[in-house]
Amino acid sequence: MNHPYSNIAILGAGISGMGAAQLAHVLGIPAFLSDAKALSEKDKERLNHWGIDYEENGHDVDRLKAAAAIIKSPGIPHTAAIIKALKAGGAVVLGEVDWAANYTAAKLIGITGSNGKTTTTSLLFHICQVAEQDAAMVGNIGFSFARQIAQDPKALYVIEVSSFQLDDIHFFKPDIAILLNITEDHLDRYNYEFEKYVKSKFRIIENQTETDCFIYCIDDEVIVKHLALLTYNTNPLPFSMKQEVKKGGY
């Protein structure tokens, strides 16, 4: 098992942050959690039970900088003052999905898109259940990826991945990546630049290799336009409602 970081700091005590804390506890990785807001009594009890130190109502920037890596909540934008301060100090900042992926050898199906992510993720998970696969549905739906690995590891994960989560990846590599569509969404997070949002969505394939698969909608003009500009190593499998494709689905 790859332990890329000897210790971590966790920014935010939301679903992903608490999941990361639980996984750090299970793996025996020293961790420190920091939240700008007050923590609930329930979260404090859990952190104490896991033996994880924490702070609330503000951030000790020096202590955070001392961590080998900082796992940040996807809800914290990269433009936030705390993130800018940490990165200026050379800190490694990554997302919970990206970090958790180091601690499983399971097959990963990553699903993103502006619309239909939850429906597609739920349907795929249902198919896996009916097929009696040892699977879980995680990410932007259900449990956090880290919490699922900590509590009940599976052989297959169906992961709904938002653009906010994709912004934080370094080495996340789904065996199957699915990009449903791209329409203007969350542009306030991307300085109202549609191109930045598009690039965020395409990050789902940036670490893939020829043995992985990329399923995408060839009827989506934005996807087709940007895919033509990319250099990628994955195995493309387009699907269409309008045209027959040589390799893919129609």
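The coordinates are above.
Residues numbered from 1 in each chain as written. Predicted model: local features only at pLDDT ≥ 70, side-chain atom pairs only at ≥ 80, totals over all residues. Heavy atoms only, no water.

A.B. asks: Help me out: how do you make sense of the overall build of the protein in this one?
C.D. replies: A count of helical and extended segments in the protein gives 10 helices and 11 strands. For the protein, the C-alpha radius of gyration of 19 Å lies close to 18 Å, the compact-globule estimate for 250 residues. When its C-alpha atoms are laid out on the principal axes, the protein stretches across 55 × 45 × 30 Å. Split into buried and exposed, the 250 residues of the protein put 50% on the buried side. Expressed as a percentage of contacts within the protein between residues at least 6 apart in sequence, the contacts between residues at least 24 apart total 60%. Total accessible area computed for the protein in this model is approximately 11900 Å², and 52% of it derives from carbon and sulfur atoms. Separation between the mean location of the 23 positive side-chain charges and that of the 30 negative ones in the protein comes to 2 Å. (Helix = DSSP H or I, 4+ residues; strand = E, 2+ residues; numbered from the N terminus. Rg over C-alpha atoms; globule rule 2.2 N^0.38 Å. Buried < 20%, exposed > 50% of the residue type's maximum accessible area, 1.4 Å probe, protein only. Contact = heavy atoms within 4.5 Å. Areas by Shrake-Rupley, 256 points an atom, 1.4 Å probe, with all protein chains shown as cover. Lys, Arg positive; Asp, Glu negative; His and termini not counted. Charge placed at Lys NZ, Arg CZ, Asp CG, Glu CD.)

A.B. asks: When you look at the pairing of strand S11 (residues 235-239) in this model, what are you seeing that I'm missing?
C.D. replies: If a strand is regular, its side chains alternate between the two faces of the sheet. Pairing of strand S10 (residues 213-217) with S11 involves five bridges; the strand directions are parallel. Bridging from a neighbouring strand, Tyr216 pairs with Pro238 of S11. At this point the chain moves from S10, through helix H10 (residues 221-227), to the parallel S11, and the crossover so formed is right-handed. (Pairing = 2+ DSSP bridges. Right-handed = clockwise from strand over helix to strand, strands pointing away.)

A.B. asks: Please clarify how the side chain of Lys201 should be interpreted in this entry.
C.D. replies: Within the element layout of this structure, Lys201 appears in helix H9 (residues 194-202). Among the polar contacts made by the side chain of Lys201, one reaches the side chain of Thr112 at a distance of 2.9 Å. The contacts of Lys201, once residues within four sequence positions are left out, are Thr112, Gly113, Ser114, Lys117, Val161, Ser162, Ser163, Leu166, Leu179 and Ile182. (Polar contact = N/O pair within 3.5 Å; in protein donor to acceptor, adjacent residues only side chain to side chain.)

A.B. asks: Sorry, what's going on with helix H1 (residues 15-27) here?
C.D. replies: Residue pairs three or four apart in sequence face the same way in an α-helix, which turns once every 3.6 residues. Here H1 spans 18 Å end to end across 13 residues, near enough to the 18 Å set by a 1.5 Å rise per residue. All of the buried residues along H1 are Ser16, Gly17, Met18, Gly19, Ala20, Ala21, Gln22, Leu23 and Ala24. Those residues of H1 that are buried lie in contact with strand S1 (8-11), strand S2 (31-34), helix H2 (41-50), strand S4 (69-72), helix H5 (96-100) and helix H7 (145-151). At the exit of H1 stands Gly28, carrying a positive phi of roughly 75°. (Expected span 1.5 Å × (residues − 1).)

A.B. asks: Help me out: how do you make sense of the sheet that holds strand S9 (residues 176-179) in this one?
C.D. replies: Strands pair in a sheet through their backbones, by hydrogen bonds, and they do so in one of two ways: parallel or antiparallel. Strand order in the open sheet formed by six strands is S7-S8-S6-S9-S10-S11, and the pairing between neighbours is parallel. Strand pairing shows two members of the sheet lacking a second neighbour, strand S7 (135-139) and S11, which therefore form its edges. Neighbour-to-neighbour, the strand axes of this sheet turn through a mean angle of 20°, independent of strand direction. Judged from the four bridges that link them, S9 and S10 form a sheet pairing that is parallel. Opposite Ile176, over in S10, you have Cys213 as the bridge partner. The strands that helix H6 (residues 117-130) touches are strand S6 (107-112), S7, strand S8 (156-160) and S9; relative to S8, the one it contacts most, it runs at about 165°. (Axes fitted to C-alpha atoms, helices over the stretch in contact; angles between N-to-C directions.)

A.B. asks: Got a minute to help me understand the packing of aromatic side chains in this structure?
C.D. replies: Think of a pair of aromatic rings as described by two things: how far the centres are apart, and how the planes are tilted against each other in angle. Using the criterion set out here, one finds five aromatic pairs in the structure. Both rings, one in Trp99 and one in Tyr103, keep their centres 5.2 Å apart while their planes meet at 65°; by these two values the pair is edge-to-face. When sorted by exposure, Trp99 lands in the same class as Tyr103, which is buried. Where Phe214 meets Tyr216, the ring centres are 5.0 Å apart and the plane angle is 25°; that geometry is what we call stacked. Given the relative accessible area of 0%, Phe214 is considered buried. Tyr216 sits in the buried class, given a relative accessible area of 8%. Connected via pairs of aromatic rings, a cluster forms that spans Phe202, Phe214 and Tyr216. (Phe/Tyr/Trp six-rings, centres within 6.5 Å; stacked < 30°, edge-to-face > 60°.)

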